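Overview (structure and organization)
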Amino acid sequence: MNITTLKHFVVLSETLHFGRASARSNISTSALSRHIRQLEIELNVSLFDRDNRTVALTSEGLKFQQYARNAVQQWDQVRYELTDPTEQLHGEISLWCSVTASHSILVDLLNGFRPAHPQVEIKLQTGDPEQAISRVLALEEELAIAARPESLPAGVVFKPIRTSPLVFIAPIDPADSTLVSLDDPATWQHTPMILATSGIARERVDNWFRTLGVTPKIYARVAGNEAIVSMVSLGLGVGVVPQIVLDNSPHAARVRILDVTPALAAYDLGLFTLQRHLKNPLVSAFWSLLPEAAPSSD
């Protein structure tokens, strides 16, 4: 077993596609297949279930995936520590964020990072920001951009980037008769709500309704804030989203922000990583883009 084979395994375990994995690894599909087969022989287990159409990790493959990611990251860190610090940084760092964050936050960070470190490649994955911390903990990504929860898991550090209000939004139609009085609990009792399936925003709006003494009438539970704006713009109900999502939505002109009191606590958006990753010069260089002198943790 060698580090190159482990890297090939990690890529295949993430893509679950020999063609895409071989392209990312810059080797032929047949060579990748040989490397994986040799790894399975050494371990005496099957790491993947594969046929002519699908590739999936076995239970043993899932266990080995965590080890392989950890081993590759430790190898990279040792290699960087042994490198002449005067040499220009090169390599790859992985980052997770939402589509909105990639447009509104990541662009500015990359504009500052790329000129200083042109040989460092950013491997970007976009998706639900509620998965950000879990993906960092699982070593799927080294960095993530998302909202800070009330408390951080052990070993995770956070650096703030900006604050975004969490707002109630409704269709732009001023003739909407379902919101006759925002101060009246009876109004909210009958208002169809489009809410996040889970996460920080959902927790805060649930607490808001409990304080009001109202059980919300939930029209839809949605994964992803962008989809909430879209559904509200169609007149399907009232939603709750971070204002940064609304500001970057193509449907922003078709919804309005409601003046609701008490206001929900704002989102603290920022960068997450594991404390140990800050020893990696690539991660440290990206982390240092933000002005705060020291990361915060719980």
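Residues numbered from 1 in each chain as written. Predicted model: local features only at pLDDT ≥ 70, side-chain atom pairs only at ≥ 80, totals over all residues. Heavy atoms only, no water.

Detail in the predicted coordinates should be disregarded across regions flagged by low pLDDT. Mean pLDDT over the protein chain stands at 87; residues scoring 70 or higher make up 93%. Segment residues 293-297: pLDDT under 50, and eleven contacts once partners within four positions in sequence are set aside and those in other chains are kept. (pLDDT = per-residue confidence, 0-100. Contact = heavy atoms within 4.5 Å.)

Each pocket or cavity is described by its volume, and for the largest pocket that value is around 720 Å³. Along its surface, the largest pocket is lined by 24 residues, and K7, V11, V72, D76 and E92 are the ones closest to its centre. Looking at the lining of the largest pocket, the elements with two or more residues in it are α1 (3-15), α2 (18-25), α4 (59-81), β3 (91-97) and β4 (120-126). Partitioning the lining of the largest pocket into residue classes produces five nonpolar, eight polar and eleven charged. (1 Å grid on protein atoms, 1.4 Å probe; cavity = no way out; pocket = protein on both sides within 12 Å on 5 of 7 lines; lining within 4 Å. Points joined across faces, edges and corners; volume = space filled by probe spheres on them. Helix = DSSP H or I, 4+ residues; strand = E, 2+ residues; numbered from the N terminus. Nonpolar A, V, L, I, M, F, W, Y, C, P; charged D, E, K, R; others polar.)

Below, the discussion takes up the pattern of salt bridges. Applying the stated criterion to the full structure yields nine salt bridges. Where R37 meets E40, a salt bridge forms, and the shortest distance between an N and an O atom there is 3.5 Å. Separated by three residues within a single helix, R37 and E40 lie in helix α3 (residues 29-43), roughly one turn from each other. Judged by relative accessible area, which is 44%, R37 ranks as partly exposed. For R50, the salt bridge identified is with E40, shortest N-O distance 2.9 Å. A residue pair is termed long-range when its members are at least 10 positions apart, and R50 in strand β1 (residues 48-50) and E40 in helix α3 qualify at ten residues. In this structure R50 comes out as partly exposed when scored by relative accessible area, which is 34%. Residue E40 is classed as buried on the basis of its relative accessible area of 2%. Several salt bridges share partner residues, and in doing so they unite E14, R69, K123, R135, E140 and E141 into one network. (Salt bridge = Lys/Arg side-chain N within 4 Å of Asp/Glu carboxyl O. Buried < 20%, exposed > 50% of the residue type's maximum accessible area, 1.4 Å probe, protein only.)

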